[in-house]
Amino acid sequence: MRIARFSIDGNVAFGAVEGSTALAASEGELVLDIIKGIPFADFELSGTKVPLSKVRLLPPVLPNKVVAIGRNYAEHAAELGNEVPDVPVTFFKPSTSVIGPGDPIAYPSFSQDLHHEAELAVVIGRMCREVPRERVKDVILGYTCANDVTARDVQQREKQWARAKGFDGACPLGPWIETDLDPSDLTIQCTVNGEQRQLGRTSQMVRSIEDLIVHISEAMTLLPGDVILTGTPAGVGPLNVGDEVAVTIEGIGTLTNKVIKRG
């Protein structure tokens, strides 16, 4: 099931996306069956349907926290002159960094080198802590596309990555959550103005999703709606004002955002 979060006539709701994104480029062929309740508990479909073209898609979740993983693809670590670490590099992106599909990425005033990083995002479906490997699938609601937007110059000159990766708009998520998906070998692609920049597969991850959730949940409680970013493949590069950046993940869809000047 594809679960979207959206607004219509001033109201916010979740809905199940129906229709095939492969049939047409237009979202007009897709409809949303509004969900009764929230997707983190038992819910029913209302049977009330609205065309996707009539709503505004929002970030599919509003996470309490986004836990991100650095250098989880060997070629990406190498392209920035880094070794693959002995343990996962973890950092946070605040909830205020999250934006949705179609929302603008405002170029931060304190950077001159903004980069895209296409990533598979894992959405947690239930409160959990110290998750054993064999139970990892039980705590996952589904998967979505993410862009770990990074002020690269700031990242390189500051020891902590909070400003470089946590500024407002630095975490686009969407377009929806896919709940029925095997994430072990999916294509991840990033384009800027239609030109391919990144192309990789989730099978290239140094550490699997199971490894990451076990590692993270040893230290902290994960809550429903929390998001884990699993790392980016090689090919990261600059974004400029006016650019349109799109992250496409096989089996999920495409997350598109435009870079604007910060006002």
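In this text, all values refer to a predicted model and were calculated from it rather than measured experimentally.

Caption draft 1: Representation of the environment of Pro224 in the model. Secondary-structure assignment places Pro224 in the loop between α4 (209-217) and β17 (227-229). In this structure Pro224 comes out as partly exposed when scored by relative accessible area, which is 37%. Considering only alpha carbons, one finds Pro224 and Asn240, 16 residues apart in sequence, at a separation of 34 Å. Ignoring sequence-local partners within four residues, the contact set of Pro224 consists of Phe40, Ile124, Gly125, Arg126 and Met127.

Caption draft 2: Geometry of the pattern of salt bridges. One pass over the structure, following the stated rule, counts 13 salt bridges. Across the pair Glu158 and Arg163 runs a salt bridge whose closest N-O atoms are separated by 2.7 Å. Owing to a relative accessible area of 23%, Glu158 belongs among the partly exposed residues under this scheme. Look at Arg163 and you get partly exposed, because its relative accessible area is 41%. In this structure, the salt-bridge partner of Arg201 is Asp185, at a minimum N-O distance of 2.8 Å. Here Arg201, found in strand β16 (residues 195-201), pairs with Asp185, found in the loop between β14 (171-178) and β15 (187-192); they are 16 residues apart in sequence, far enough to count as distant. Judged by its relative accessible area of 30%, Arg201 falls in the partly exposed class.

Caption draft 3: Representation of the packing of aromatic side chains. As enumerated under the stated definition, the model contains three aromatic pairs in all. Ring plane angle 70° and centroid distance 5.2 Å describe the contact between Phe91 and Trp161, whose orientation is recorded as edge-to-face. You can see Phe91 sitting in strand β7 (residues 89-93) and its partner Trp161 sitting in the loop between α2 (152-157) and α3 (162-166), a full 70 residues away along the chain. For the residue pair Phe91 and Trp161, the accessibility class agrees, reading buried in each case. A cation over an aromatic ring shows up here: Arg2 above the ring of Trp176, its NZ or CZ 5.6 Å from the ring centre.

Caption draft 4: Here's a closer look at the layout of surface pockets. Estimated volume of the second largest pocket: approximately 260 Å³. Forming the boundary of the second largest pocket are 20 residues, of which Arg71, Leu80, Asn82, Gln155 and Trp161 lie nearest the centre. Elements that contribute at least two residues to the lining of the second largest pocket include exactly β6 (66-70) and α2. Among the elements that make up the lining of the second largest pocket, the one with the highest residue count is α2 (three residues).

Caption draft 5: Layout of α4. Within the sequence span of α4, burial applies to Ile209, Leu212, Ile213, Val214, Ile216 and Ser217. Elements in contact with the buried residues of α4: β6, β7, β11 (118-124), β12 (140-147) and β17.

Caption draft 6: Up close: the confidence of the model for the protein chain. Per-residue pLDDT for the protein chain has a mean of 95; in total, 97% of the residues score no lower than 70. Of the regions scoring below 50 in pLDDT, residues 23-27 engages in four contacts with residues more than four places distant in sequence or in other chains.

Caption draft 7: Geometry of the sheet that holds strand β13 (residues 150-151). One open sheet accounts for three strands, arranged β13-β10-β18; its pairing is antiparallel. Of all strands in the sheet, those with a lone pairing partner are β13 and β18 (237-239), marking the two edges. Of the pairings in the sheet, the one linking strand β10 (residues 114-116) to β13 comprises two bridges and is antiparallel in character. Following the sheet pairing, His115 is matched in β13 by Thr150.

Caption draft 8: Fine view of the sheet that holds strand β9 (residues 105-107). Spatially, β9-β20-β19-β15-β16 is the arrangement adopted by the five strands of the open sheet, whose pairing is mixed. Either end of the sheet is taken by a strand with one partner, and the two such strands are β9 and β16. Sheet twist, expressed as the mean angle between neighbouring strand axes with direction ignored, is 20°. Two elements, β15 and strand β19 (residues 244-249), share five bridges in a ladder whose sense is antiparallel. Residue Cys190 lies in a different strand from β19, and its bridge partner there is Val247.

Conventions used here
- Residues numbered from 1 in each chain as written.
- Predicted model: local features only at pLDDT ≥ 70, side-chain atom pairs only at ≥ 80, totals over all residues.
- Heavy atoms only, no water.
- Helix = DSSP H or I, 4+ residues; strand = E, 2+ residues; numbered from the N terminus.
- Buried < 20%, exposed > 50% of the residue type's maximum accessible area, 1.4 Å probe, protein only.
- Contact = heavy atoms within 4.5 Å.
- Salt bridge = Lys/Arg side-chain N within 4 Å of Asp/Glu carboxyl O.
- Phe/Tyr/Trp six-rings, centres within 6.5 Å; stacked < 30°, edge-to-face > 60°.
- Lys NZ or Arg CZ within 6 Å of the ring centre and 35° of its normal.
- 1 Å grid on protein atoms, 1.4 Å probe; cavity = no way out; pocket = protein on both sides within 12 Å on 5 of 7 lines; lining within 4 Å.
- Points joined across faces, edges and corners; volume = space filled by probe spheres on them.
- pLDDT = per-residue confidence, 0-100.
- Pairing = 2+ DSSP bridges.
- Axes fitted to C-alpha atoms, helices over the stretch in contact; angles between N-to-C directions.

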